[in-house]
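An overview of the molecular structure
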Amino acid sequence: MREFLSIKGWLAGLQWLFFIFTNTVVIPITVGAAFQLSHETLVSLVQCSFLFTGLACILQAFLGHKRSIMEGQSGLWWGVILSLCYGAAESGMSLATIGGSLSVGIIISGIITIVIGLSGLSGYLSRLFNNGVMAVFLFLLACRLNTMFLQGMLGIPFGKGDGEAHIDVPVLLLSVAVVAFVIIFSIKARPSFAKYSLLIGIIVGWISFNLLFGEKAAVEVSEGVSIKLFPLGSPSFDIGIILTAVIAGLINTSNTFGALKGTDEIYKKESTNGEYRGSFTISGVLGICSGLFGLVPFAPYVSSIGFLQQTKIVERLPFLIGGALFTLMGAVPYVGNMMAKLPLSVGSAVLLVTYLRLLHSSFNYFITITFTPENVYRLSIPLFIGIGLMTFPASYFETVPSILRPLASNGLLVGILLSLLLENIKLSKRNIKKEASVEERRYKG
């Protein structure tokens, strides 16, 4: 009770709230724009996102992996859904058919995720995600998501086409100032203050934005909680889209392994089969809910590693406070309307600082690998192909069959698949030293 009433606990909880909010608010807005949803439906999508994300964090902390790891709408799934939407629409398929088939595929993917959790298959899958795969996954994830946060810092609205996009220089300059402030404060300030650098950066950036550019809400929240079934379209059965969704769901398990393995060193213990089982089961149930309510499916956020490293706050209570407050945002319109006024450029700037820390996490895995010629190819092929595909415009993939286009155009997915394939094919006796465990890496410094 003393910890619950402490100011430090609530300040840390408020910092978690902002972190969860800035990671969440952009996703339903861009999905709603891609599917050309009405304002009323978009608002419903945003509120459902807030409500389910807050509940997801609380459920994982109590019943799942029981760590301070944000459970949110997966960035990997987000990219796949947008790619499917834009790609399939160009081929003449209606948005309602795309959305309905996606919903069916997401529900099937959720069921498969539950089976993985309850059956204990997560232990076998965990062995596939060795240090090489984890190094590639974390590096590519940081590249992909930091690109999106840079877009927000540049003042380019999410969901706009290339012809409509332009850089807002004044907004960019303020965003750069916020990034510099958070980094310098986290390095130079006393540890007792430095752990709140993200919260302080958001508050300072928010006030500065309002003084310079005026108040501008990210989205308007309605006066009551509104939940709609299948807002993206009634269930339909396009095999190509459903198959792509199922494959994306299987690859999305990399987020669970990335988040749990990545926080092993922070919590000074390796994740147990029970923690994996609980995490996958809850993510699967949330996946089914996502299909029903038009949400991007959930997964543990690997970016939580950077947040925990930045703030040094690993206790569950602040995380639970942040999750509860975020649930309140989805349920109480007044709170949601207040938080929706946070400028996306400021939120993107603060998140960029957090995701930069993923470089350290990926290098922790790189240094455990002996760089023989074989291993260099195992790492470089998925890395450079994945990053290269991220830079290609969508027009490059118009000649690719529509079934393969969403996968082929997604550098993160292709990179992870290539890494899984190359790391688990034995061309010869593995000329590699035993991959160090978390404890071994810690003792080696």
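This write-up is about the structure you can find in this document. Predicted model, so just to flag it, every value in this text is computed and none were measured.

1. A word on the packing of helix α7 (residues 121-128) against helix α14 (residues 273-293)
At a minimum axis separation of 9 Å, α7 and α14 run at an interaxial angle of 105°. Between α7 and α14, the crossing angle belongs to the class labelled roughly perpendicular. Contacts between α7 and α14 pair S122, G123 and S126 from the former with N273, Y276, R277 and F280 from the latter.

2. Observations concerning the packing of helix α6 (residues 95-119) against α14
Relative orientation of the contacting elements α6 and α14 amounts to 165°, with a least axis distance of 7 Å. Relative to α14, α6 is oriented roughly antiparallel. In the packing of α6 onto α14, the handedness of the crossing is left-handed. Of the residues in α14, those in contact with S103, I106, I107, G110, I111, T113, I114, I116, G117 and L118 of α6 are R277, F280, T281, S283, G284, V285, G287, I288, S290, G291 and L292. Partitioning the contact of α6 with α14 into residue classes produces ten nonpolar, ten polar and one charged.

3. Overview of the nonpolar core
W16, F35, M70, W78, L102, V302 and L358 are the most contacted members of the largest nonpolar core, which has 107 residues in total. Ranked by residues supplied to this core, first place goes to helix α8 (residues 131-153) with 13 residues. If sequence neighbours within four positions are ignored, M70 has contacts with W16, F19, I20, N23, T24, T53, C57, A299, P300, Y301, S304 and F319.

4. Some words on the side chain of T113
Residue placement: T113 occurs in helix α6. According to the relative accessible area criterion, T113 is buried, its value standing at 11%.

5. Focus on the packing of aromatic side chains
Summed over the entire model, instances satisfying the criterion amount to 16 aromatic pairs. Centroid distance F363 to F366: 5.9 Å. Interplanar angle 75°. Geometry classified as edge-to-face. Pair noted here: F363 and F366 are both in helix α19 (residues 358-366), with a separation of three residues, about one helical turn. Classification of F363 by relative accessible area gives partly exposed; the value is 42%. Looking at F366, the relative accessible area reads 12%, which means it is buried. Through a chain of ring-to-ring contacts, three or more aromatic side chains come together here, namely W16, F19, F307 and F319.

6. Examining a nonpolar patch on the surface
On the surface, I203, I207, L211, L212 and F213 cluster together into a nonpolar patch covering about 510 Å² of accessible area. You can see L211 is positioned in helix α11 (residues 197-213).

7. Quick word on α6
Between the first and last C-alpha of α6 there are 36 Å, a value that for 25 residues agrees with the 36 Å anticipated at 1.5 Å per step. Once α6 finishes, G120 follows within two positions and takes phi at roughly 85°, a positive value.

8. Some details on the pattern of salt bridges
Enumeration according to the criterion identifies four salt bridges in this entry. A salt bridge links K269 to E275, with the nearest nitrogen and oxygen atoms 3.8 Å apart. We classify K269 as partly exposed; its relative accessible area is 40%. According to the relative accessible area criterion, E275 is buried, its value standing at 12%. Among the ionic pairs, R378 bridges to E374, the shortest N-O distance being 2.1 Å.

9. Description of unusual backbone geometry
Negative phi characterises most residues that are not glycine, and trans characterises most peptide bonds. For Q36, which is not glycine, the phi dihedral falls at a positive 55°. Within the secondary structure, Q36 sits in the loop between α3 (26-34) and α4 (39-63).

10. Digging into the side chain of S236
As for its position among the elements, S236 is in the loop between α11 and α12 (239-251). A polar atom in the side chain of S236 sits 2.9 Å from the backbone oxygen of T97. A polar side-chain atom of S236 sits 3.1 Å from a polar atom in the side chain of S101.

11. Examining empty space enclosed by the protein
Tallying each qualifying case throughout the model produces four cavities of 30 Å³ or more. Space inside the largest cavity adds up to approximately 240 Å³. Broken down by element, the residue count for the lining of the largest cavity peaks at five residues, all from helix α18 (residues 344-356). Its residues placed into classes, the lining of the largest cavity shows 17 nonpolar, nine polar and no charged. Looking at the second largest cavity, its volume works out to about 120 Å³. Secondary structure elements with two or more residues in the lining of the second largest cavity: α6, α13 (253-267), α14 and β2 (298-300). The residue makeup of the lining of the second largest cavity, split by class, is six nonpolar, ten polar and no charged.

Cut-offs and rules
Residues numbered from 1 in each chain as written. Predicted model: local features only at pLDDT ≥ 70, side-chain atom pairs only at ≥ 80, totals over all residues. Heavy atoms only, no water. Axes fitted to C-alpha atoms, helices over the stretch in contact; angles between N-to-C directions. Helix = DSSP H or I, 4+ residues; strand = E, 2+ residues; numbered from the N terminus. Parallel < 35°, antiparallel > 145°, perpendicular 65-115°, else oblique. Contact = heavy atoms within 4.5 Å. Left-handed = near helix turned anticlockwise from the far one by under 90°. Nonpolar A, V, L, I, M, F, W, Y, C, P; charged D, E, K, R; others polar. Core = buried A, V, L, I, M, F, W, Y, C linked by side-chain atoms within 4.5 Å. Buried < 20%, exposed > 50% of the residue type's maximum accessible area, 1.4 Å probe, protein only. Phe/Tyr/Trp six-rings, centres within 6.5 Å; stacked < 30°, edge-to-face > 60°. Patch = residues over 30% accessible without salt bridge, like charges linked within 9 Å, V, L, I, M, F, W, Y side chains within 5 Å. Areas by Shrake-Rupley, 256 points an atom, 1.4 Å probe, with all protein chains shown as cover. Salt bridge = Lys/Arg side-chain N within 4 Å of Asp/Glu carboxyl O. Expected span 1.5 Å × (residues − 1). Polar contact = N/O pair within 3.5 Å; in protein donor to acceptor, adjacent residues only side chain to side chain. 1 Å grid on protein atoms, 1.4 Å probe; cavity = no way out; pocket = protein on both sides within 12 Å on 5 of 7 lines; lining within 4 Å. Points joined across faces, edges and corners; volume = space filled by probe spheres on them.

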